[in-house]
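Structure at a glance
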Amino acid sequence: MKRILLLYASMTGNTEEMANIAGKYLEEQGIPVTRKCFDADNIQAEELTEYDGIMFGTYTYDDGDLPWEVEDFYEDLLKIDLTGKRVAVFGSGDSFYPEFGKAVDTMAARFQEVGAVLVDDCVIADLGPDAEDAKRCEELVRVFVKK
């Protein structure tokens, strides 16, 4: 892989922590990665076409909702074609809610809807990632790089 985008939304820092785990693993493999966060960067869906692979992280708000900062991006994805683009999706949720981590699954489904290929199952941490979640993040990145 030549150009990887690591794009995420994080409200409490949990998904950011997962993104940092993924980014560190990519860099340890000698793979250059562009990191962008919805809070700090102006992100347009069209940008995704410029990358060979996308790692996307999101938190789930309340009872299964997408974060407000991701909503427009989610809709704008319908305007682009990501056919064959490799994508990995991860994020955090709160098992207190019945729709645990639903925003992660919602984003994965949207990426598939516009032609992207999910490289593995999504990784969802309950609140902050623990040691097992960190291992699952690294495994997701390993599979992402391998494919």
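These remarks concern the structure in this document.

What counts and what doesn't
The numbers attached to residues start from 1 for each chain and follow its sequence in the written order. Under the rules for a predicted model, residues below a pLDDT of 70 receive no local features and side-chain atom pairs below 80 are neither given nor counted, while totals for whole chains, interfaces and linings still include all residues. Note that the side-chain values use all heavy atoms of the structure and ignore hydrogens as well as water. Under the scheme applied here, a residue whose accessible area is under 20% of the maximum for its type counts as buried, over 50% as exposed, and between as partly exposed, the area being computed with a 1.4 Å probe on protein chains only. Comment: elements are numbered from the N terminus, with helices defined as DSSP H or I runs of at least four residues and strands as E runs of at least two. For this quantity, the arc is that covered by the directions from the helix axis to the C-beta atoms. Residue contacts follow a heavy-atom distance rule, with two residues in contact if any of their heavy atoms lie within 4.5 Å. For this document, the term salt bridge refers to a Lys or Arg side-chain nitrogen within 4 Å of an Asp or Glu carboxyl oxygen. Axis lines are fitted to C-alpha atoms, over the contacting stretch for helices. Their N-to-C directions set the angle, which ranges from 0 to 180 degrees. Any angle from 65 to 115 degrees is called roughly perpendicular, while one under 35 is roughly parallel, one over 145 is roughly antiparallel, and all others are oblique. Note on convention: near helix rotated counterclockwise from far helix by under a right angle means a left-handed crossing. Clockwise means right-handed.

It is worth spelling out helix α2 (residues 68-76) at this point. For α2, every residue scored as buried is listed here: E69, V70, F73 and Y74. Along the axis of α2, the buried residues cluster in a sector spanning 125 degrees; they form a single face. Facing away from the buried side of α2, by more than 90 degrees, are the exposed residues W68 and D72. Next to the buried residues of α2 lie β1 (4-8), β3 (53-59) and α3 (102-113).

Per the counting criterion, the structure on display carries seven salt bridges. Of the charged contacts, one joins E28 and K24 as a salt bridge, the two residues approaching to 3.9 Å between their closest N and O atoms. Placement of the pair is E28 and K24 together in helix α1 (residues 14-28), with a separation of four residues, close to one helical turn. In terms of burial, E28 and K24 fall into one category: exposed. Between K79 and D76 there is a salt bridge, with its nearest N and O atoms 3.3 Å apart.

So, about the side chain of T15. Residue position: T15 is located in helix α1. In contact with T15, not counting residues within four places along its chain, are Y8, A9, S10, G57, T58, Y59, F90, G91 and S92.

This next bit is on the packing of α1 against helix α4 (residues 131-146). How two helices sit against one another is set out by the angle between their axes and by the gap between those axes. In the contact formed by α1 and α4, the axes pass within 9 Å of each other and the chain directions differ by 45 degrees. Considering the angle they form, α1 stands oblique to α4. Here α1 and α4 pass one another in a crossing that is right-handed. Here M18, I21, A22, Y25 and L26 of α1 lie close against α4, whose contacting residues are A134, C137, E138, V141, R142 and V145.

The values are spatial; any link to function lies outside them.
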